[in-house]
Amino acid sequence: MDFTFSEEQQAAAEAARGVFSGVAPDAVPSPSMVVGAVADDFDRALWARLAEADLLSLLLDPAEGGAGLDAVALCLVLRESAAVLARVPLLEHSAAAATVQAHGTTELRSALLTPAGRGELVLTVAASGRTGHDPAGLAVTARQDGDTCVLDGVQTAVPWAHNADHIVVPARTAGGDRTLLAVVPRGLDGADLAEQISTTGERLGELRLESARVPAASVIDADGAWEGLRDLLTTGTCALALGLGERVLRMSGEYTSRREQFGFPVATFQAVAMQAADRYIDLRAMEVTLWQAAWRIASGAPGALPAAGDVAVAKIWASEGVRRVVQTAQHLHGGFGADVEYPLHRYHAWAKHLELSLGPAAAHEEALGDLLAAHSLG
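This section reports on the structure supplied with the text. (Residues numbered from 1 in each chain as written. Predicted model: local features only at pLDDT ≥ 70, side-chain atom pairs only at ≥ 80, totals over all residues. Heavy atoms only, no water.)

Things to note about the packing of aromatic side chains
Right, on to step 1. Scanning the model with the defined rule gives 5 aromatic pairs in all.
Right, on to step 2. Taken together, a centroid distance of 5.9 Å and an interplanar angle of 85° make the contact between Phe42 and Trp160 edge-to-face. Linking Phe42 in the loop between α1 (7-20) and α2 (44-52) with Trp160 in the loop between β3 (148-159) and β4 (166-173), this pair joins segments that are 118 residues apart in sequence. Neither Phe42 nor Trp160 differs from the other in exposure class; each is buried.
Right, on to step 3. Three or more aromatic residues link up through ring pairs in this structure, and these residues are Phe42, Trp47 and Trp160.
Right, on to step 4. The positively charged end of Arg284 is found above the aromatic ring belonging to Tyr280, 5.0 Å away from the centroid. (Phe/Tyr/Trp six-rings, centres within 6.5 Å; stacked < 30°, edge-to-face > 60°. Helix = DSSP H or I, 4+ residues; strand = E, 2+ residues; numbered from the N terminus. Buried < 20%, exposed > 50% of the residue type's maximum accessible area, 1.4 Å probe, protein only. Lys NZ or Arg CZ within 6 Å of the ring centre and 35° of its normal.)

Examining the environment of Ala53
Right, on to step 1. Relative to the helices and strands, Ala53 resides in the loop between α2 and α3 (71-83).
Right, on to step 2. On a C-alpha basis, the gap between Ala53 and Val122 in space is 16 Å, while along the polypeptide they are 69 residues apart.

Quick notes on the nonpolar core
Right, on to step 1. Among the nonpolar cores identified, the biggest contains 88 residues, and Phe20, Leu50 and Leu244 are the most heavily contacted of them.
Right, on to step 2. Counting residues per element, this core draws most heavily on helix α6 (residues 225-258), which supplies 15 residues.
Right, on to step 3. Not counting residues up to four positions away in its chain, the partners in contact with Phe20 are Leu46, Leu50, Val77, Glu80, Ser81, Val84 and Ala86. (Core = buried A, V, L, I, M, F, W, Y, C linked by side-chain atoms within 4.5 Å. Contact = heavy atoms within 4.5 Å.)

Here is the structure:
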């Protein structure tokens, strides 16, 4: 069996490295330096370069101007973006566009996909639930009223909500039997945003829906649409954690190789080497579980458990692993790691956000336990 990436996947990663090479992590706005949000908008200049490199349409079909690639390719690009702390809604935008393409109405696909692939429209997803601790699919209710869908409820911590043109919102039907997806345009009557601030210093939005009416054509009611979107978002978050963790471990290696005590680089001390080795093992576990989850999503291959089980395992490792990597890095850097002119504290803030995004490790351990209880492995 060949586990190497395809030429197309490798080309996407190479294109991403070219685009992100101009991003300086030590120039990324620091949450330690400002009160409130670090910026009012994401990096639009970088967004335009991603569009020019056709990296916003990776998952779209060629008929929509896309590359027709899969979740593995997207995760390779996300891995590169996190290494430089790229301030763009690449994950949410790509996942939302892929879901609209797979399950949206003809009218919705026609209105959104081509401009989204060009970066002219920005999409995001409300996937954190009412409080961040409860299922996102239960936070909003939907009821049919003529040719419109009426939404009520609250979704917290919506990434890039203040700057996106459309928010994909999971909502439970009145009978409680299924979860649909409503594509909510910015400025819709009955849809209000309250500002929230992430640990990264970025603006999040609390989306408050009160009798907000969405046309039936903007509703996705296909079986499995929300579950597939959620799994892709979670797997993409794992890719971000991996890319960030790899860069942080590299920073630690470079610093401890230069820093000397008693006339020797501290990297040669056994205690330092052992801690770095433990974190390397964390990253390799994060990597193998990430690609397993991405492959299951991309291929649809059967397994002893549904793909959601592989996604849960990847998120468990990503949440725990990225936290351990940045904590060890802070320890090995000493006081230098807290210097606001050095980028490590930014990586630490982003790692905490990724650790908790879409559920911490404990939440996915519980989900994995439920899957194991429901499926015989014998």
